[in-house]
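Read off the chains here:
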Amino acid sequence: MSKRTVRSWIARQAQRKRVCFTIEDLEGAFPNTTPSIRKHGLIAACKGGALVHAWQGLYLLVPREYRETGAVPPVEYIGELMAYLGKPYCVALLDAAAFYGVARPESGTPFAVMTSTPRPRCTIEGGVPVEFISKREMAGRIAPSLVRTMPTKNGSVVVSSPEYTVCSLVQHAIDLGGLASVVPVIQGLMPSCDFGKLPPTLKRYVPQTCLQRLGFILERVLGNAEAAERLYRFMRPARTPFTVTKLVPNLPMAQCPFDERWCISVNEDLTPVHPQEA
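Residues numbered from 1 in each chain as written. Predicted model: local features only at pLDDT ≥ 70, side-chain atom pairs only at ≥ 80, totals over all residues. Heavy atoms only, no water.

Draft legend 1. Structural context of the sheet that holds strand β10 (residues 258-259). Ordered in space as β9-β11-β10, the three strands form an open sheet in which the pairing is mixed. The outermost strands of the open sheet, each flanked by one partner alone, are β9 (245-246) and β10. Direction of pairing for β10 relative to strand β11 (residues 264-265): antiparallel, over a ladder of two bridges. Bridge assignment links Asp259 to a residue of β11, and that residue is Ile264. (Pairing = 2+ DSSP bridges. Helix = DSSP H or I, 4+ residues; strand = E, 2+ residues; numbered from the N terminus.)

Draft legend 2. Region of interest: the confidence of the model for the chain. Within the chain, residue pLDDT values average 90, and 94% of them lie at 70 or more. Highest mean pLDDT in the chain belongs to helix α6 (residues 162-171) (98); lowest belongs to strand β2 (residues 51-55) (86). (pLDDT = per-residue confidence, 0-100.)

Draft legend 3. Looking closely at the environment of Pro129. Among the secondary structure elements, Pro129 is positioned in the loop between β5 (111-115) and β6 (130-134). When the C-alpha positions of Pro129 and Pro73 are compared, they lie 9.4 Å apart, and in sequence the two are 56 residues distant. The residues contacting Pro129, other than those within four sequence positions of it, are Pro110 and Phe111. (Contact = heavy atoms within 4.5 Å.)

Draft legend 4. Just the packing of aromatic side chains, in detail. Tallied over the entire structure, the rule returns eight aromatic pairs. For the ring pair Trp55 and Phe132, a centre distance of 6.4 Å and an interplane angle of 85° mean the geometry is edge-to-face. Residue Trp55 is found in strand β2, and its partner Phe132 is found in strand β6; the two are separated by 77 residues along the sequence. The two residues Trp55 and Phe132 agree in class, both being buried. (Phe/Tyr/Trp six-rings, centres within 6.5 Å; stacked < 30°, edge-to-face > 60°. Buried < 20%, exposed > 50% of the residue type's maximum accessible area, 1.4 Å probe, protein only.)

Draft legend 5. Focus on the sheet that holds strand β1 (residues 20-22). Strands sit in the order β1-β3-β2 across an open sheet of three strands; the sheet is antiparallel. The open sheet has two edge strands, β1 and β2, and neither has a second partner. Pairs of neighbouring strands in the sheet enclose a mean axial angle of 30°, with direction left out of account. As paired elements, β2 and strand β3 (residues 58-61) share four bridges and run antiparallel to each other. Opposite His53, over in β3, you have Tyr59 as the bridge partner. Where helix α4 (residues 78-85) meets the sheet, it contacts β1, β2 and β3, and its direction lies at approximately 45° from that of β2. (Axes fitted to C-alpha atoms, helices over the stretch in contact; angles between N-to-C directions.)

Draft legend 6. A look at α6. When you tally the buried positions in α6, you get nine out of 10 residues, the bulk of the element. Those residues of α6 that fall on the buried side of the exposure criterion are Pro162, Glu163, Tyr164, Thr165, Val166, Cys167, Ser168, Leu169 and Val170.

Draft legend 7. Quick peek at the packing of α6 against helix α9 (residues 208-221). In the contact formed by α6 and α9, the axes pass within 9 Å of each other and the chain directions differ by 100°. Looking at the two axes, α6 sits roughly perpendicular to α9. Taken together, the residues of α9 that come into contact with α6 (itself represented by Val166, Cys167, Val170 and Gln171) are Cys210, Leu211, Arg213, Leu214 and Ile217. Of the residues in the contact of α6 with α9, the class split is seven nonpolar, one polar and one charged. (Parallel < 35°, antiparallel > 145°, perpendicular 65-115°, else oblique. Nonpolar A, V, L, I, M, F, W, Y, C, P; charged D, E, K, R; others polar.)

Here is the structure:
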């Protein structure tokens, strides 16, 4: 029988369809091997393209189909990474929208993941970068009503719900190229959204001003009066006044139209979409 080596053990983990392993896993498999020998085996596997050092103490196994580029799609390992870090998470923004059938624009934006504070810093080299968006509200865990578990090639991941995804797109529009860039994505998410069943916890995660902007987009831009009315009723059960807010927070609002219903200063001209197209 041939002697088992660190590299052969790593190859065996890949055959078993493992996504990653920890340095403790390796030490447990080779308790009588010196640290320098284990380190040499890890370095050799990384140079051979079979392994990527994902985090301190965590190594990502690279499937053969990705070894030429060395870039494993984040969706294939993000669940294991977040479990290793002990942090709640959900795939978010454009990457969440892709799970509901909306093609991800070729915008060059990082793979978006929402998690609790403090925000981790991705150290995986090469491939699609991961951007962590920290949310104080996610301390401990994220509200189950705002996420779904979706299947992937090698398992499953937690993804923001269609409704929470839409709200997040509006909230983070500036980082995604502006509202004009996210409106087509919101439009594509409409068949998956049910604004008549919004969970009360959504108000804790999404500012009211963001919901006002979303309502304006649904009604005035997408022409989706039914979804807009359901959102309006969700926001105003106690008939409390809205706060005057700008459609685009980082633009001035001097001498711009004002939308009375949503209390929005319309400081950007968004091309309306025909109702039949929404």
